[in-house]
Structures are given as C-alpha cells and as structure tokens.
Amino acid sequence: MKISYKDFRPRIWLALLAVVVLMAAGAAVLDVIWLEYRRNISGHVISNLETMSRGVVLLQQDSVARVRKIADEPTHKAFAARLANNPDDPSIHDAFENWITPLYQSRGFDDYSLISADGKRVMTSGTRPYVGQLPLPSTRETLRRAELLLAGAVTPPISARHPFSTLMVENPSAYAYQLSCAPVDQDGKRLGFLCLHENPSVRLYRLLRDGRAGVTGEAYVVDQEGRILSPIRFEKNLAAPEGAEPGWSLFQLRARVMPKREDNGLPDPELISTEPLTRVVERLLQFNSFDTGLLEDYADYRGRRVVGAGRWLPDAALGLIVEEDMDEAFRSYYFARHALIALIGLGTLLIVALTFVDWRSRRSLARSEQQLVAFRDYIPAGLNMKSAEGRYLMANPVFESGFHLPAGGVLGKTDAELFAPEEAADLEREHNEVLRTGRPRTRNYTRREEDGGEKTYSTVRFPVRGEKDGSVVAVGMVALDITELIRTQRDLEELTQTLENKVALRTQQLAAARDLAEKASRAKAEFLANMSHEIRTPLNGILGMTGLMAQTPLSPEQWDYLRT
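Conventions adopted
Residues numbered from 1 in each chain as written. Predicted model: local features only at pLDDT ≥ 70, side-chain atom pairs only at ≥ 80, totals over all residues. Heavy atoms only, no water. Helix = DSSP H or I, 4+ residues; strand = E, 2+ residues; numbered from the N terminus. Expected span 1.5 Å × (residues − 1). Bend = angle between axes of the 7 residues up to and from the residue. Buried < 20%, exposed > 50% of the residue type's maximum accessible area, 1.4 Å probe, protein only. Phe/Tyr/Trp six-rings, centres within 6.5 Å; stacked < 30°, edge-to-face > 60°. Lys NZ or Arg CZ within 6 Å of the ring centre and 35° of its normal. Disulfide = S-S within 2.5 Å.

1. Here's the deal with helix 3 (residues 90-106)
For helix 3, spanning 17 residues, the distance from its first C-alpha to its last is 24 Å, which sits close to the expected 24 Å at 1.5 Å a residue. At Ile100, helix 3 is deflected by roughly 35 degrees, the largest bend along its length, and proline Pro102 occurs up to four residues later in sequence. The set of residues buried in helix 3 consists of Ile92, His93, Phe96, Ile100, Thr101 and Tyr104. Two residues or fewer after helix 3 comes Gly108, characterised by a positive phi angle close to 90 degrees.

In structure tokens, the structure reads:
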C-alpha cells in the first residue's frame, strides 16, 4: 500500500487549517493585547497630563493670590497713584522699591514692574532699563486676561532682554521669567497693574522635569506659535551652535521635526526647516482644542517616534505637552508581540514538522504494512487471527484456499459458521484453551477433504495481548500443511524397511559364500599338504640316485642328459 498525495491531502488541509487558526488566534490576541496596552498607555499619559495641568493651574492661582495680596495693600495703591501722577520723580521710584522689595522677595518673587492702566508703559521696575518702555506683547495679553478675570493672570515663560541679579535659572545662557499680574484699583479707578517676576525654574520647570516619565519621557510647554518655552530633556541630541553653552535651546526651538546635519546626523535648529509642527502641537493649535487626546506614532522635535498628548491652558496662554518614546511606552507590548509571534512561528513550524513526521511515519507504516501484507499473502502457511469472542479478524489466502473458504468471506464469522459442527467444536476448544491458559498451543490437525483424502496441518495457536492490562484480546494461528511431509516420511520409512530387509538377506548370502570359500580353502590346503608329502618322497630317491650316477664315469651325452 502506497501513501499518495490524494490520501494524505486531508491531513495537509487539516495542518493548514491549524496554522490559519493559530495565526488568526495570535492576531486576535495581539489585537487584545494592543488595545489593553494602548488603554494603559493612554491612561498613563492622560493621567500624567492631567496631573501636570492641575499643577500648573495651582501654581498660577498661587502666584496670582500672592501678587493680589500685595496689590491690595493701601500703601501699594498710594504709591501707584503717586507714580501715575509723577512718573518721572526718582524719589517715588526709590521709595516704592524700598517698600515693595522685602514684600515680593518674602513671597518668592525676583523683581517687580508697575505698568500703566492702559498697559502701554512700564511706570517703574526693579530693573530700571525697563522703565518707560512698552511691555512685551505677551505681557500686554496677560494684562488683558487679568483685566477680564479681575483677580489676575500669569504670563507664559518669557525670555528676558536684561538679566536679573536675583534670578537663578536652570539655563545659564538664557534668562526666563514669568509675570504674575494683578490689577490695581482704587475707588473704582484703575491705577495700573502690578506684575511680579517669578523664576519658572523654581516651580514650573521643576514640575515639568518631575513629570517626565521613564528614560525617554518629555514634558514641555509651548506658546501659540509652537515655540518651546521650557528646557528640553534631549538638548544633547541636537546639533548645538558653535560655542553654545548648556541651555542654548531655551526659546530657540519650535516643536517641529528639525532637519539633520549631513556630517553627524544630529538635528540642527539653525537649518531651515520646512517640516510642519509636530502632530500633537499642530492639533493643539490648529483646531483650537483644549485636549488632543492620545496621539501615537508621530515624530517629535528630534524625529523620534513618540506617543503623547497635549492640553491648552487658556488661563496661562500656553500648551502643555507630554510625550514618551514609542519604544519605551510599548516596550512590554513589543516584547509580548515578539514573544507571541515567535510562539506562533514555533507552533507553525511544529505543525509543519509534525505533519511531515506524520507523513513519514505513515509512509513507513504503509511500507511496513505492504511488506507485512506481502509476507502474509505469500508465506506458504495459513495465517488467521480471531477475537476473544471467536470471530475472524484476519485470514490470508493460503488459509482460505487450504480450508476451501471463500476469499475474504471469513472476516467477522465464527468457526461454527464456516466448518462442520464436529470440526468447529474442535477448533473452538483449542481457541478457548489458549484464552484460558494464555500460552501458545501446538498440535497436528488432520481433516478430511471433500474428495475423500486427508490433509494434515501442524498448527500453532498463540495469544495476542492488549497494551493496557496485558489480557488476551485475540488468538492467532499458523497452520502449515504437512500432508506431503507425512506421506514422504511414510515412504521413507517403507523404503528404509525394504533396504534393511535386502541388506539382511544379502548379509546372509555373503556369510554363506564366505563359509563355502573358507571350506574350499581348507580343502585345498589339505590336498596340497597331502600331495606335497606324496611327491616329495619319490623325488628324494630320484635326486639321490641322480647324484650317485653323477659320480660314475659317464659319456658326454649321458652327462648332458643327467644334468638336464
């Protein structure tokens, strides 16, 4: 029996189905894992963004409350009125500075500015170069918000045009500050705005720094043009201008993918970039939305693929961005995905290998079965196997032809259905005896043929045991036709007897001949003995007389006769 592709095709289709099911299940599991990880990452990023947003709002509220407390002081309002009426009197400036300096310093501020009610002129300031100048646009926008909110407002971080002697910042090459402004009113009249300078590195930048997650987490703030207003974590990954000191990137970068230099491959902010803003900043500014939600797999200002979210804080006029590299954020997912893909690949290889081994085994088994069938069909002995109940499970052609049974017609039948009652009963007794003892049984079995002749078989019945408990589950039989052997044996016995009889007769004949020869030999000896005696006596006389005659005178002729 040969295994063909057609015979094995169902198993190939089954293996292919198993591979498809395995891959589909793996893809479904990956989707579930991805959704779960995405939900966790989204919760982590959004939660971090929410926490930092609340922190920024609390910082602003605290700063405004501290400024408001000073602005509502009667002495402060009196100075504001005097400065509004006499802006060029240096004594008033000095007196105001002496009064307000210990107040703002005790509340954590670094400098002060008093701006006119119309917001177009700095009436006085601890940094005297600012006096009389037009406030920055961001400051004027903050004044407008402070006027609308009544309580006050805080500017985004601003790059100082003049350094502050009391300012300690994280970036020595740039000076950053924030203005916390509150309106100054007296008797329903707006006297101006008090703005106190605060170092953002003390609280805001520290909050952003502490909010960076993991190794690649980033947190920064941007203005309405996408300019980054806080120190960045990966400044060292950018190409620094020649002679630049650490912190050079503050207020110099926009949140966009920067072109890279050809010599070292580092992003260089001095190169002209045609790239748009990063996706999170673009969505935050373009659609005038307060929350971007979680955004995945976009390029940050370094060109790295990140996941992030943004929120616009209208009271602070800045956007808060929280990001983390995709590789770190989804590291566990990537590991699980690679592990699952490896397991799917391993499972697929295992299925293919098992299918191949099964095909090889089946082909080997088919070859063995083919050899066994050939051995069973062509061995010159009858073979059969019966179940414990006595039904035939197998019979070879020699058994069927030798017992005159129809080809293939014995399977599933008993001896009672195939043989005469007496013969069937004898066969069943032998079968039951092997079942009872569990031992092989040998016997010469003679049965009468339809033509009146007899056939003799030498049979061996043996038990076939099961794999589980070793009990006898079937009985096999080998029947060898020894009729010709018996007949030949009988002929040999008869021939042997005949030869023995002939040998005995011939032996007797030879013995008689021997006795006769011995008798003749004895008679001859006696005759010769007697004749020798009878002849020797006269000869002795003749010889004596001849000798005597030779001594007498003789003629030559007589001498010749005598000598002859």
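2. Quick word on the packing of aromatic side chains
The final tally for this structure, using the stated rule, is 17 aromatic pairs. Measuring from centroid to centroid gives 4.9 Å for Trp34 and Phe330, while their planes differ by 25 degrees, and the two rings are stacked. Here the residue Trp34 occupies a position in helix 1 (residues 5-71), and Phe330 occupies one in the loop between helix 7 (326-329) and helix 8 (331-378), the gap between them amounting to 296 residues. Where Phe330 meets Tyr333, the ring centres are 6.3 Å apart and the plane angle is 80 degrees; that geometry is what we call edge-to-face. Assigned by exposure class, Phe330 and Tyr333 land together as buried. Taken together, the ring pairs in this structure connect Trp34, Tyr37, Phe330, Tyr333 and Tyr334 into an aromatic cluster. Over the aromatic face of Phe234 sits the side chain of Arg302, whose NZ or CZ is 3.9 Å from the ring centroid.

3. Things to note about the state of the cysteines
Following the criterion strictly, the structure yields one disulfide and no others. Here Cys181 engages in a disulfide with Cys195; their sulfurs sit 2.0 Å apart. One disulfide, between Cys181 and Cys195, carries an S-S torsion of 115 degrees and so falls in the right-handed class. Note that Cys181 is positioned in strand 5 (residues 176-186) and Cys195 in strand 6 (residues 189-198), a separation of 14 residues in sequence. The two residues Cys181 and Cys195 agree in class, both being buried.

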